[in-house]
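Commentary on secondary and tertiary structure
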Amino acid sequence: MDVKDSNGAILQDGDNVTLIKDLKVKGTSTTLKRGTMVKGICLTDNPDEVECRVEKIKGLVLRTEFLKKA
């Protein structure tokens, strides 16, 4: 099963990605800005989601439609 970013590039464990849209994080007052680099993603069982760590937020799950491979 291939996991693809917003441009159709195939993502793998450990890839670095960039956000293409400002995202509000539920449960916190944090907003992740467009262009933020996310390093070392982990793929999940769902091909539309990846798990990552950003700043001080652990276990964050992001949808691949908002990511671009760096």
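Just so it is clear, the model here is predicted, and its values are computed rather than measured.

Analysis parameters
- Residues numbered from 1 in each chain as written.
- Predicted model: local features only at pLDDT ≥ 70, side-chain atom pairs only at ≥ 80, totals over all residues.
- Heavy atoms only, no water.
- Core = buried A, V, L, I, M, F, W, Y, C linked by side-chain atoms within 4.5 Å.
- Buried < 20%, exposed > 50% of the residue type's maximum accessible area, 1.4 Å probe, protein only.
- Helix = DSSP H or I, 4+ residues; strand = E, 2+ residues; numbered from the N terminus.
- Contact = heavy atoms within 4.5 Å.
- Salt bridge = Lys/Arg side-chain N within 4 Å of Asp/Glu carboxyl O.
- Pairing = 2+ DSSP bridges.
- Lys, Arg positive; Asp, Glu negative; His and termini not counted.
- Polar contact = N/O pair within 3.5 Å; in protein donor to acceptor, adjacent residues only side chain to side chain.

**Remarks on the nonpolar core**
If you look at the biggest cluster of nonpolar residues, it comprises 16 residues, and the most contacted ones within it are Val38, Ile41, Cys52, Leu60 and Leu62. Secondary structure elements with two or more residues in this core: β3 (17-19), β8 (49-54) and β9 (57-63). Not counting residues up to four positions away in its chain, the partners in contact with leucine 60 are Val25, Leu32, Val50, Glu51, Cys52 and Val54.

**Structural notes on the pattern of salt bridges**
The full count for this structure, using the stated rule, is 3 salt bridges. As a salt-bridge pair, arginine 63 and glutamate 49 come within 3.9 Å of each other at their nearest N and O atoms. With arginine 63 in strand β9 and glutamate 49 in strand β8, the pair connects residues that are 14 residues apart, well separated along the chain. In this structure, arginine 63 engages glutamate 65 in a salt bridge whose closest nitrogen and oxygen atoms are separated by 3.1 Å. Using a relative accessible area of 42% as the deciding quantity, one classes glutamate 65 as partly exposed. Residues participating in the shared-partner salt-bridge network are Glu49, Arg63 and Glu65.

**Brief notes about the sheet that holds strand β6 (residues 37-38)**
The strands that make up a sheet pair up through hydrogen bonds in the backbone, lying either parallel or antiparallel. Spatial ordering of the open sheet is given by β6-β3-β10, a layout of 3 strands whose pairing is antiparallel. At either end of the open sheet lies a strand with only one pairing partner, and these are β6 and β10 (67-69). In terms of strand pairing, β3 meets β10 through 3 bridges, oriented antiparallel. When the sheet's bridge partners are listed, threonine 18 is paired in β10 with lysine 68.

**Focus on the side chain of aspartate 5**
Mapped onto the secondary structure, aspartate 5 falls in the loop between β1 (3-4) and β2 (10-11). Among buried Asp, Glu, Lys and Arg side chains, aspartate 5 stands out as unpaired, with lysine 69 the closest opposite charge at 7.4 Å. At 2.8 Å, the side chain of aspartate 5 and the backbone nitrogen of alanine 9 are in polar contact. In this structure aspartate 5 touches Leu11, Thr64, Leu67, Lys68 and Lys69, once residues within four positions along its chain are discounted.

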